[in-house]
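For reference, the chains in residue letters:
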Amino acid sequence: IDFKSLRDLLILELLYATGLRVSELIGINYGDIHSENASVKVLGKGGKHRHVPIGKQAIKTLFMFRNLFAKDSSLLAPLIINKNGKRLSVRSVQILLKKYLDSANLPKDLTPHKLRHSFATHMLNNGADLRAVQELLGHSSLSTTQVYTHVSAARLKEVYGLSHPRA
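Values in this document were obtained by computation on a predicted structure and should not be read as measured data.

Please clarify how the overall build of the protein should be interpreted in this entry.
Along the protein, the regular secondary structure elements total eight helices and three strands. The secondary structure elements of the protein, listed N-terminal to C-terminal, are α-α-β-β-β-α-α-α-α-α-α. C-alpha atoms of the protein, sized along the principal axes, occupy 60 × 35 × 25 Å. For the protein, with 167 residues in total, the buried portion stands at 35%. Sequence-distant contacts in the protein: of pairs separated by 6 or more residues, those separated by 24 or more amount to 58%. Of the roughly 9,700 Å² that the protein leaves accessible, carbon and sulfur atoms contribute 57%.

It is not clear to me how the side chain of Gln134 should be interpreted in this structure. Could you clarify?
Structurally, Gln134 is set in helix 6 (residues 130-137). The class for Gln134 is buried, based on a relative accessible area of 9%. Excluding its chain neighbours within four sequence positions, the residues that come into contact with Gln134 are His139, Ser140, Ser141, Leu142 and Thr145.

Mind showing me how you'd approach the packing of aromatic side chains here?
Two measures describe an aromatic ring pair: the distance that separates the ring centres and the angle between the ring planes. Applying the stated criterion across every chain, the model contains three aromatic pairs. Considering the side-chain rings of Phe3 and Phe65, the 5.5 Å spacing of their centres and the 45 degrees angle between planes classify their relative orientation as tilted. With Phe3 in helix 1 (residues 3-18) and Phe65 in helix 3 (residues 56-69), the pair connects residues that are 62 residues apart, well separated along the chain. Judged by relative accessible area, which is 6%, Phe3 ranks as buried.

Calculation criteria
- Residues numbered from 1 in each chain as written.
- Predicted model: local features only at pLDDT ≥ 70, side-chain atom pairs only at ≥ 80, totals over all residues.
- Heavy atoms only, no water.
- Helix = DSSP H or I, 4+ residues; strand = E, 2+ residues; numbered from the N terminus.
- Buried < 20%, exposed > 50% of the residue type's maximum accessible area, 1.4 Å probe, protein only.
- Contact = heavy atoms within 4.5 Å.
- Areas by Shrake-Rupley, 256 points an atom, 1.4 Å probe, with all protein chains shown as cover.
- Phe/Tyr/Trp six-rings, centres within 6.5 Å; stacked < 30°, edge-to-face > 60°.

Shape is all these values report; function is a separate question.
What follows is the structure in structure tokens.
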């Protein structure tokens, strides 16, 4: 696998597996990764740090990328880089996602932020606590996170309709 393909896979894996904002993703340095508990420390809005778990597949991709392509994996070295080892920009990540959407014939209105929405919705649909999702997303207000519950409510109605004998 080549540098760009694995780097782009890492970006997509991390965005979906963690629900990070693109700005948080590109701000990750190798020193922010905690392999012992499979988490990453991110700097969110308002200059607040939080620890976010990384899924098994994303951590596997991360270490594969580091082992194959990281010229520098010291504590302050950026994780998401270009061929020259420089930190990627938010715009670069947005552009690469658009490229993959085009090649997969997916809707053009999908954005990195919609991957964040998918993360939150999938967490809630699979039983995650609203407060836990709030913490994972780095929302200071629960009402910001509650936007995602409308989809979960629809899912609850669907499950109820399929499962309850008197539905």
